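The lines below spell out each chain.
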Amino acid sequence: MLKPKELTKVLEQANTGGFQCTLLLNPEGSLMAFAGKCDKKENITAAVAANIWMSNAKSAKSAFQDEGLQYIVMDCEDGKVAIRRVANLLLCVYTAESVGLGMLRAKVEALARYLEEPLKQIASP
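Residues numbered from 1 in each chain as written. Predicted model: local features only at pLDDT ≥ 70, side-chain atom pairs only at ≥ 80, totals over all residues. Heavy atoms only, no water.

### Side note on the pairing of strand β5 (residues 89–95)
Here is step 1 of the chain: β5 sits mainly inside the fold: six of its seven residues count as buried.
Here is step 2 of the chain: Of the strand pairs in this sheet, strand β4 (residues 80–86) and β5 are connected by seven bridges, and their pairing is antiparallel. By the bridge assignment for β5, V81 is matched with Y94.
Here is step 3 of the chain: Between β4 and β5, which pair antiparallel one after the other, the connecting turn spans two residues, and A87 there sits at a positive phi close to 55 degrees. (Buried < 20%, exposed > 50% of the residue type's maximum accessible area, 1.4 Å probe, protein only. Helix = DSSP H or I, 4+ residues; strand = E, 2+ residues; numbered from the N terminus. Pairing = 2+ DSSP bridges.)

Okay, here's the thing in structure tokens:
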């Protein structure tokens with residue numbers, strides 16, 4: 001069983017080398033867990049990330065019929081953001097501008113693989 005404190009510790013471990021904030025949220029935008037410096041706007045960030053995901057997922061479903069949306073990576077004014085589905089939840093990572101897109105994708109993928117099985121056990125379909 002996944003323990004909330006342990007989940008936060010796992011998310012915290014991702015916040016190194018320019019990685020500033022890691023969030024786990026449901027597709028509706030409710031924050032499940034977070035770690036890092038999110039400027040006390042975690043709930044707003046979660047809602048915006050879920051909205052971006054849902055908007056793009058609908059378009060991707062028609063474009064990529066079988067696979068659907070895998071990642072969203074955005075290069076923003078203050079840094080980079082990556083959103084990825086993990087089980088039935090969304091993983092959102094915010095980084096500094098200096099972080100390369102390859103490092104961002106690699107770390108998000110590693111974190112997603114690590115969380116996939118435990119989250120499948122608790123996430124409802």
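### Description of the side chain of R84
Here is step 1 of the chain: Note that R84 resides in strand β4.
Here is step 2 of the chain: The contacts of R84, once residues within four sequence positions are left out, are W53, Q70, Y71, L89, L90, L91, V108, E109, A112 and E116. (Contact = heavy atoms within 4.5 Å.)

### So, helix α1 (residues 4–13)
Here is step 1 of the chain: Along α1, the residues that are buried comprise L7, V10 and L11. Buried positions in α1, seen along its axis, are confined to an arc of 95 degrees and lie on one side of it. Away from its buried face, by an angle of more than 90 degrees, α1 presents the exposed residues K5 and Q13.
Here is step 2 of the chain: Those residues of α1 that are buried lie in contact with β1 (19–25), β2 (31–36), β5 and α3 (101–122). (Arc of directions from axis to C-beta.)

### Some points on the pattern of salt bridges
Here is step 1 of the chain: Evaluation of the coordinates by the stated rule reveals five salt bridges.
Here is step 2 of the chain: Across the pair E109 and R84 runs a salt bridge, and its minimum N-O distance is 3.1 Å. Of the two residues, E109 sits in helix α3 while R84 sits in strand β4, which places them 25 residues apart along the sequence. With respect to class, E109 is no different from R84; both count as buried.
Here is step 3 of the chain: Two residues, R113 and E109, come together in a salt bridge whose shortest N-O distance is 3.9 Å. (Salt bridge = Lys/Arg side-chain N within 4 Å of Asp/Glu carboxyl O.)

### Observations concerning the packing of α1 against α3
Here is step 1 of the chain: Contact geometry for α1 and α3: axes closest at 11 Å, N-to-C directions at 165 degrees. It follows that α1 is roughly antiparallel to α3 by the angle criterion. Between α1 and α3 lies a crossing of right-handed hand. Facing α1, whose interface residues are L7, V10 and L11, α3 presents L111, Y114 and L115. (Axes fitted to C-alpha atoms, helices over the stretch in contact; angles between N-to-C directions. Parallel < 35°, antiparallel > 145°, perpendicular 65-115°, else oblique. Left-handed = near helix turned anticlockwise from the far one by under 90°.)

### A few points about unusual backbone geometry
Here is step 1 of the chain: Phi is positive for A87, close to 55 degrees, though the residue is something other than glycine.
Here is step 2 of the chain: Structurally, the position occupied by A87 is in the loop between β4 and β5.

### Regarding helix α2 (residues 42–63)
Here is step 1 of the chain: Between its terminal C-alpha atoms α2 stretches 31 Å, which fits the 32 Å expected from 22 residues at 1.5 Å a residue.
Here is step 2 of the chain: Within α2, burial applies to E42, A46, A49, A50, W53 and A60.
Here is step 3 of the chain: The inward-facing, buried residues of α2 contact β1, β2, β3 (71–75), β4 and β5. (Expected span 1.5 Å × (residues − 1).)

### Quick notes on the side chain of N26
Here is step 1 of the chain: For N26, the position within the fold is in the loop between β1 and β2.
Here is step 2 of the chain: Within the structure, the side chain of N26 is placed 2.8 Å from the backbone nitrogen of S30, a separation counted as a polar contact.
Here is step 3 of the chain: In contact with N26, not counting residues within four places along its chain, are M32, A50, L89 and L90. (Polar contact = N/O pair within 3.5 Å; in protein donor to acceptor, adjacent residues only side chain to side chain.)

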